[in-house]
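What follows is each chain in one-letter form.
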There are 2 protein chains.
Amino acid sequence: MITNFNQLIESLRLRGDRRTVAVVWASDPTTQEAVGRAISHGFADAIFVGCCDEVKKNAELMGHAAHIRFVEAADCDEAAREAVRLVREGEASVLMKGMLNTDNLLRAVLDKETGILPRGRVLTHITAAEIPGHKKLLFFSDAAVIPYPTDAQRAEQICYLSEQLRAMGVECPKIALIHCSEKVDERHFPFTAGYRELIARAAKGDFGPCIVDGPMDLKTACSAKALAKKGLVSPLEGDSDAVVFPDIEAGNVFYKTVTLFCGAETAGILKGTMAPVVLPSRGDDVISKFYSLALASL
Amino acid sequence: MITNFNQLIESLRLRGDRRTVAVVWASDPTTQEAVGRAISHGFADAIFVGCCDEVKKNAELMGHAAHIRFVEAADCDEAAREAVRLVREGEASVLMKGMLNTDNLLRAVLDKETGILPRGRVLTHITAAEIPGHKKLLFFSDAAVIPYPTDAQRAEQICYLSEQLRAMGVECPKIALIHCSEKVDERHFPFTAGYRELIARAAKGDFGPCIVDGPMDLKTACSAKALAKKGLVSPLEGDSDAVVFPDIEAGNVFYKTVTLFCGAETAGILKGTMAPVVLPSRGDDVISKFYSLALASL
């Protein structure tokens, strides 16, 4: 079982198998450096799409010539379409955003004819956080894509988290459905009634081996002590591997709080597409982009 | 300017003036101990309403006999009504919950005839967090009461925060309106359009001297570095004294995250009532109840 990012990197190295990453418009040094590290650690090959001259100037990456291809593109929109095509045709198995707007990349990803989101699939975001002092990685969804998930969308979030955690070696992931209280309150918080259905579906095995429980607050989900103090009992035992937030505001606040105030490192990817998409935000540093690439390469 | 809880306690001690706290059904040692500390530090007198025998057994509190009164009550509902009456009639200027359900206390507080929420006032919750490594207390609203605030309710939250911070010695408090993005998006997040109006009202002086800005994410609100990295400019300069969350889920996740993962201490009170109400949750320890009493006594 992988409990921190170093172990994730090490397990990818030991696997000895490289995923091909199509990198869109990597004009910035942090993207180039993150990809360079993934190549060095033996888990990635790269296809830089667009901005080739700027990438070629980067001396460090040049040491990896055997693991890099270049595809020219006139502008970032063409680069996005071309990188998406590479994923669609199986030439790349991870897509990564460089220095273009998220909207421009998503337009190519979501295109009904040439995109990589299969019809009926839910596009959502999952993040893993390594929080100092916490014993394992904590996964969560969704800090970035779906404003107010429907029950059906939340089912997919659970499914993606469950799959991702099993890939991390957690045989039966514990997933908490977050709410400010442990009470179902259909009147003020209709989604808490939906939680009941999702728990029932999880028990039937709809999401693969995993345990889902809620509603519960974040502390009860992640601390056995807090659970006991409240006099509550949950099959998650205050030991959640992942938490599903009720809305993007809660997810985003969690993400920003652990990174700003707790010194957490994070890795985030888009799920639902034919291949995972690394979609860093402007503020992300090299290490966060590198960890995100690792998560996408698992 | 008060930047941490020790300074708050010290400034109350120097003021040399005691607030009378009506404590409802204090059958638990943590409530008794928190009140005892407030008496010791010279900023509180107490009226224990109900559970008098149990409180009297507590030897430590007995050292404070000169600062304690007892009022008998048959049950916790009667105790709640009686304590609320004491506040209503000016005999107490802080109300504090002991070991009864929040609902039972709120019923007495909200009673249209005998309660202490004046007609038309908004009941909401404000919290102050002392986060290790952060240079000052961070106030926020609302982690506990209003599920999805309307623009009018949010205006009151801003108003309470602005007043409270000025009482803490912050001449012109900086208040951020939180959202997962810095863009107004009326379609998916109608409240972000409301933010615009609130900023305009703040500029006109509706909330007293203060600066309000948003939408912005938590990191941009509280870190000048994050603000600069995103290439944004805000009159808050990444130096917010308070943040207003879009909904209770985001507020509650922030509260649980900083206390569980960042080692933060917090103090929380209800505002809108004729006197502040200290309404601890089951998991709160002595220090959190003590700090809450201090905040209510300012």
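In short, a report on the structure. (Residues numbered from 1 in each chain as written. Chains lettered and ligands numbered in written order. Predicted model: local features only at pLDDT ≥ 70, side-chain atom pairs only at ≥ 80, totals over all residues. Heavy atoms only, no water.)

The subject of this paragraph is the packing of aromatic side chains. The tally for this structure, following the rule as stated, stands at 22 aromatic pairs over all chains. Aromatic pair B:Phe290 and B:Tyr291: ring centres 5.9 Å apart, planes at 35°, arrangement tilted. A relative accessible area of 4% places B:Phe290 in the buried class. Here the aromatic residues A:Phe5, A:Phe43, A:Phe290 and A:Tyr291 are joined through ring pairs into a cluster of three or more. If you follow B:Arg37 out to its NZ or CZ, it ends over the ring of B:Phe290, 6.0 Å from the centre. Note that B:Lys56 overlies the ring of B:Phe70, its terminal NZ or CZ placed 4.9 Å from the centroid. (Phe/Tyr/Trp six-rings, centres within 6.5 Å; stacked < 30°, edge-to-face > 60°. Buried < 20%, exposed > 50% of the residue type's maximum accessible area, 1.4 Å probe, protein only. Lys NZ or Arg CZ within 6 Å of the ring centre and 35° of its normal.)

A few words on unusual backbone geometry. Geometrically, the link from A:Ser141 to A:Asp142 is a cis peptide bond, its omega value of 5° lying close to zero. You can see A:Asp142 is positioned in the loop between β6 (138–141) and α7 (151–167). The linkage connecting A:Gly214 with the following residue, A:Pro215, adopts the cis geometry, with an omega of -5°. For A:Pro215, the position within the fold is in strand β8 (residues 211–216). Of note, the phi angle at A:Trp25 is positive, near 55°, even though the residue is not glycine. With respect to the helices and strands, the residue A:Trp25 is situated in the loop between β1 (19–24) and α2 (29–40). Despite not being glycine, B:Glu237 shows a phi value in the positive range, around 55°. Relative to the helices and strands, B:Glu237 is located in the loop between α10 (224–229) and β9 (242–244). (Helix = DSSP H or I, 4+ residues; strand = E, 2+ residues; numbered from the N terminus.)

Take the interface of chain A and chain B next. On the side of chain B, 38 residues touch chain A, which itself brings 38 residues to the contact. When chain A packs against chain B, the two sides together hide about 3400 Å² of surface, and 67% of this comes from carbon and sulfur. Our count for the chain A to chain B interface comes out at 2 salt bridges. Among the ionic pairs, A:Asp217 bridges to B:Lys256, the shortest N-O distance being 3.3 Å. In this assembly, chain A and chain B are joined by 8 residue pairs in polar contact (both at pLDDT 80 or more). (Contact = heavy atoms within 4.5 Å. Buried area = accessible area lost by both parts, 1.4 Å probe. Salt bridge = Lys/Arg side-chain N within 4 Å of Asp/Glu carboxyl O. Polar contact = N/O pair within 3.5 Å; in protein donor to acceptor, adjacent residues only side chain to side chain.)

This next bit is on helix α8 (residues 190–204) of chain B. Here α8(B) contains 15 residues, and its C-alpha end-to-end distance of 23 Å stays within 8% of the 21 Å for a straight helix at 1.5 Å per residue. Turning to α8(B), its buried residues are B:Phe191, B:Thr192, B:Ala193, B:Gly194, B:Tyr195, B:Leu198 and B:Ala202. In the core, the buried residues of α8(B) are packed alongside α11 (248–261) of chain A together with α7 (151–167), β7 (174–178), β8 (211–216) and β9 of chain B. Immediately downstream of α8(B), the backbone of B:Gly205 shows phi near 95°, a positive value. (Expected span 1.5 Å × (residues − 1).)

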